[in-house]
Amino acid sequence: MSYSDVQKAVTVERRRVWAAWFAGSLLALFVASAINAFTGSPLLAVAVFVVVFIVLTVTAYRMHTALGRRADRERRQVLGDDYPG
């Protein structure tokens, strides 16, 4: 495996993480809208959306940083001990 392969794989995975975050955020928005429509409680809808959005954001960020750490390990393995990171 080359350095370029590692970089491409990490880039693809990071894009997938943030695409899933975006899709989850849209889904949370639709659920909050449905809660508001069916219960008539905008406060409950906003609370559900905010909680889900925060959970999704924290999870996506943690996955993003974990991919960065994994990429550093793989780069060191590919490039050897000369990698300055």
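Above this text is the structure in question.
Residues numbered from 1 in each chain as written. Predicted model: local features only at pLDDT ≥ 70, side-chain atom pairs only at ≥ 80, totals over all residues. Heavy atoms only, no water.

Draft legend 1. Local environment of a positive patch on the surface. A surface patch of positive charge is lined by Arg 62, Arg 69, Arg 70 and Arg 73. As for its position among the elements, Arg 70 is in helix α2 (residues 42–79). (Patch = residues over 30% accessible without salt bridge, like charges linked within 9 Å, V, L, I, M, F, W, Y side chains within 5 Å. Areas by Shrake-Rupley, 256 points an atom, 1.4 Å probe, with all protein chains shown as cover. Salt bridge = Lys/Arg side-chain N within 4 Å of Asp/Glu carboxyl O. Lys, Arg positive; Asp, Glu negative; His and termini not counted. Charge placed at Lys NZ, Arg CZ, Asp CG, Glu CD. Helix = DSSP H or I, 4+ residues; strand = E, 2+ residues; numbered from the N terminus.)

Draft legend 2. Representation of the environment of Arg 14 within the structure. With respect to the helices and strands, Arg 14 occurs in helix α1 (residues 3–39). As for Arg 14 and Phe 38, which are separated by 24 residues in sequence, their C-alpha atoms are 36 Å apart. With near-sequence residues (within four places) excluded, Arg 14 lies in contact with His 64, Leu 67 and Gly 68. (Contact = heavy atoms within 4.5 Å.)

Draft legend 3. Just the pattern of salt bridges, in detail. Applying the stated criterion to the full structure yields two salt bridges. Between Glu 13 and Arg 16 there is a salt bridge, with its nearest N and O atoms 3.1 Å apart. In this pair, Glu 13 and Arg 16 both sit in helix α1, three residues apart, roughly one turn of the helix. In this structure Glu 13 comes out as partly exposed when scored by relative accessible area, which is 30%. Linking Arg 75 and Asp 72 is a salt bridge whose minimum nitrogen-to-oxygen distance equals 2.9 Å. Taken together, the positions of Arg 75 and Asp 72, both in helix α2 and three residues apart, correspond to about one turn of that helix. (Buried < 20%, exposed > 50% of the residue type's maximum accessible area, 1.4 Å probe, protein only.)

In short, shape yes, function no, at least from these values alone.
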